[in-house]
Amino acid sequence: MPTIGGIRLEHPVVMAPMAGVTDLPFRLIARELGAALVYSELVSAKGICYGNRKTLKLLETDPAERPVGLQIFGGEAAVMVEAARHVAERRPDLLDINMGCPVPKITRNDEGCALMLDPKRAGRMVRAVVEAVDLPVTAKIRKGWDENHVTAPEVARELERAGVAAIAIHGRTREQFYSGRADWGIIRLVKQAVDVPVIGNGDVFTPQDAARMLEETGCDAVMIGRACLGDPWIFRRVVHYLNTGELLPPPSSRDKLTMAVRHLRMAVQFKGEYTAVREMRRPIAWYLKGVPRANRLKQLVQRLDKAELVAEALMEHLDSLGAQADEPVRLQPPTDMQEEAA
Ligand SMILES: Cc1cc2nc3c(=O)[nH]c(=O)nc-3n(C[C@H](O)[C@H](O)[C@H](O)COP(=O)(O)O)c2cc1C
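Since the model is a prediction, treat every value here as computed from it, not as a measurement.

What counts as what
- Counting restarts for each chain, with residues numbered from 1 along the sequence as it is written.
- With the structure being a predicted model, the display of local features is reserved for residues of pLDDT at least 70 and the display and counting of side-chain atom pairs for 80 or more, all residues being used for whole-chain, interface and lining totals.
- Side-chain metrics rest on all non-hydrogen atoms present in the structure, leaving aside hydrogens and water.
- The secondary structure listing takes helices from DSSP runs of H or I that are at least 4 residues long and strands from runs of E that are at least 2 residues long, numbered from the N terminus.
- Relative accessibility under 20% of the residue-type maximum defines a buried residue, over 50% an exposed one, and the middle range a partly exposed one, all with a 1.4 Å probe and only protein chains included.
- Note on definitions: a residue-residue contact is assigned when non-hydrogen atoms from the two residues lie within 4.5 Å.
- Two strands are counted as paired when DSSP detects at least two bridges linking them.
- Working definition: rings of Phe, Tyr and Trp (its six-membered ring) pair if their centres are within 6.5 Å, and the pair is stacked with planes under 30 degrees apart, edge-to-face with planes over 60 apart, and tilted otherwise.
- By definition here, charges over rings are those cases where NZ of Lys or CZ of Arg is within 6 Å of the ring centre and within 35 degrees of the ring normal.
- Note on scores: pLDDT gives the predictor's confidence for each residue, bounded by 0 and 100.
- We call a residue near a given molecule or strand whenever any one of its heavy atoms falls within 4 Å of it.
- Any pair of N or O atoms that falls within 3.5 Å is considered a polar contact. Within protein, one atom must be able to donate a hydrogen and the other to accept it, and sequence-neighbouring residues count only if both atoms are side-chain atoms.
- Methods summary: accessible areas were calculated by the Shrake-Rupley approach with a probe of 1.4 Å, and residue burial reflects only the protein chains presented.
- For this classification, Asp, Glu, Lys and Arg are treated as charged, while Ala, Val, Leu, Ile, Met, Phe, Trp, Tyr, Cys and Pro are nonpolar and the rest, including Gly, are polar.
- Among the buried residues, those of types Ala, Val, Leu, Ile, Met, Phe, Trp, Tyr and Cys that are joined through side-chain atoms within 4.5 Å form a nonpolar core.
- Domain borders in the structure are assigned automatically or taken from a domain database.

Undergrad: So what about the side chain of Asp231? Which residues, and what values?
TA: As for its placement among the helices and strands, Asp231 is situated in the loop between strand 10 (221-224) and helix 10 (234-244). Asp231 sits in the buried class, given a relative accessible area of 6%. When near neighbours in sequence (up to four residues on either side) are disregarded, Asp231 contacts Arg237, Pro251 and Leu331.

Undergrad: Provide a residue-level description of the pairing of strand 6 (residues 94-99), including the pertinent values.
TA: Counting buried positions along strand 6 gives 6 out of 6 residues, so the element sits mostly inside the fold. Alternating positions in strand 6 separate into two faces, Leu94, Asp96 and Asn98 on one and Leu95, Ile97 and Met99 on the other, with burial throughout. Pairing between strand 6 and strand 7 (residues 137-144): 5 bridges, direction parallel. The partner of Asp96 across the bridge, within strand 7, is Thr138.

Undergrad: Go over the packing of aromatic side chains, please, and point to the residues and values.
TA: For any pair of aromatic rings, geometry is given as the distance between the ring centres together with the angle between the planes. Considering all chains together, one arrives at 1 aromatic pair under this definition. Pairing Trp233 with Tyr287 gives two aromatic rings, centres 6.5 Å apart and planes at 80°, and the pair type is edge-to-face. Of this pair, Trp233 sits in the loop between strand 10 and helix 10 while Tyr287 sits in helix 13 (residues 281-287), placing them 54 residues apart in sequence. Geometry around Phe270 places Lys57 over its ring, the cationic atom sitting 4.2 Å from the centre. Of note, Arg278 hangs over the ring of Tyr274, and the distance from its end group to the ring centre comes to 3.7 Å.

Undergrad: Now, about the confidence of the model for the protein: what can you tell me, with residues and values included?
TA: The pLDDT averaged across the protein works out to 96; a share of 97% of its residues lies at or above 70. Predicted confidence is poor over residues 338-342, with pLDDT under 50, and the contacts of this stretch with residues over four places away or in other chains come to 12 contacts.

Undergrad: Please give an account of the environment of Ile187 that cites residues and values.
TA: Along the chain, the position of Ile187 falls in helix 8 (residues 184-193). Remark: the alpha-carbon pair of Ile187 and Gly218, spanning 31 residues in sequence, is separated by 8.4 Å. When residues no more than four places from it in sequence are discounted, the contact partners of Ile187 are Ile169, Val198, Gly200, Asn201, Met213, Thr217 and Cys219.

Undergrad: Go over the site of the ligand with me, naming the residues and quoting the values.
TA: Contacts to the ligand come from 18 residues, most closely from Ala19, Gln71, Asn201, Asp203 and Arg226. Leu42 has a polar backbone atom sitting 3.0 Å from an oxygen atom of the ligand. Computed on the free molecule, the ligand has an accessible area of 610 Å², of which 96% lies beneath the protein chains in the complex. For the shell around the ligand, the residue count by class is 8 nonpolar, 6 polar and 4 charged.

Undergrad: How would you summarise the side chain of Thr22 if you had to cite specific residues and measurements?
TA: Relative to the elements of secondary structure, Thr22 occurs in the loop between strand 3 (13-15) and helix 1 (24-32). Looking at Thr22, the relative accessible area reads 0%, which means it is buried. Among the polar contacts made by the side chain of Thr22, one reaches the main-chain carbonyl oxygen of Tyr39 at a distance of 3.1 Å. Excluding residues within four positions of it along the chain, Thr22 makes contact with Met15, Ala16, Pro17, Arg27, Tyr39, Ser40 and Glu41.

Undergrad: An account of the nonpolar core is needed here, citing residue identities and associated values.
TA: If you look at the biggest cluster of nonpolar residues, it comprises 102 residues, and the most contacted ones within it are Leu95, Met99, Ile141, Leu159, Phe235 and Leu314. Formed jointly, this core draws a minimum of three residues from each of two domains, domain 1 (9-244) and domain 2 (253-326). Ignoring anything within four residues of it in the chain, the contact list for Phe235 reads Val13, Val14, Met15, Ala30, Leu33, Gly34, Ala35, Ile224 and Cys228.

Written out as structure tokens, the structure is:
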């Protein structure tokens, strides 16, 4: 099993960092359903240094979710070092550096995926962070900036020299955002370029995809992003398949509706009702994918502003399904994240 900076993962299936998704409640759910490692969303190093209250909230962790990585992004070594020291005081299991974010607001400041354009600068920045904290430091990179700048193997080598404990690689360029297919060939090249563990990422939607990525690329673990939206059971299905070759059924409507309610309640506890009800509209819509006759419910949830009313609507729908509630849902292709992720 992969070991990252002394942390032995239970199995090679981890959850990807996702802004607006992998908050503390969802990370707890993913761990419970089998992800071997979870990450926070990207957190601004500048925001941490300014002591921004909302930013610092993103760094809260819970013992039950460990092992957990906190991911930060930034472009200046001094700012990243200060932010990393702050993160280290919170004792997550690892500190991850974002080098993949494609969003212009971030790349314009030479942060996120812009670091892929300058492997030496990326290496210097990461070395400064590694030397500043006594935590394993990892990085998440992309294939490169565009097809003319496929820098992942070179960046990976610089990062390894700088002392990272593992590298996650998403097989798309910045130019691709989330479109087209992830290039698993580049994951193999990164794996061949370095000795530290490599976590492959991009387009793992089924247990068979995960097995194929491990096999074809030789990567040490697979990282799942979009496929767990509304379907955190994917981790359990993938792990079971890797261990036994058997496919477990997808969740039932009952599983999905009760999880939506539980997730909502956890969110209310963590962020208060006002924020939780609004922020949970998107995840609830994801949970409702595949649940029969849920169109009206989806629309209703977008309007309700009291957690208990939302929970009631979800439970009423569950009752209305009768015996159908216990049938496995039909899995649908994942949401097109192009707009959402930007
Ligand atoms: C909604 C959303 C938010 C994301 N936020 C982050 C982030 O904060 N940090 C990061 O490194 N990657 C982020 N990503 C990229 C994912 O971690 C992952 O690399 C990408 O979705 C490809 O994996 P997948 O095909 O399994 O979804 C995000 C992706 C999505 C869809």
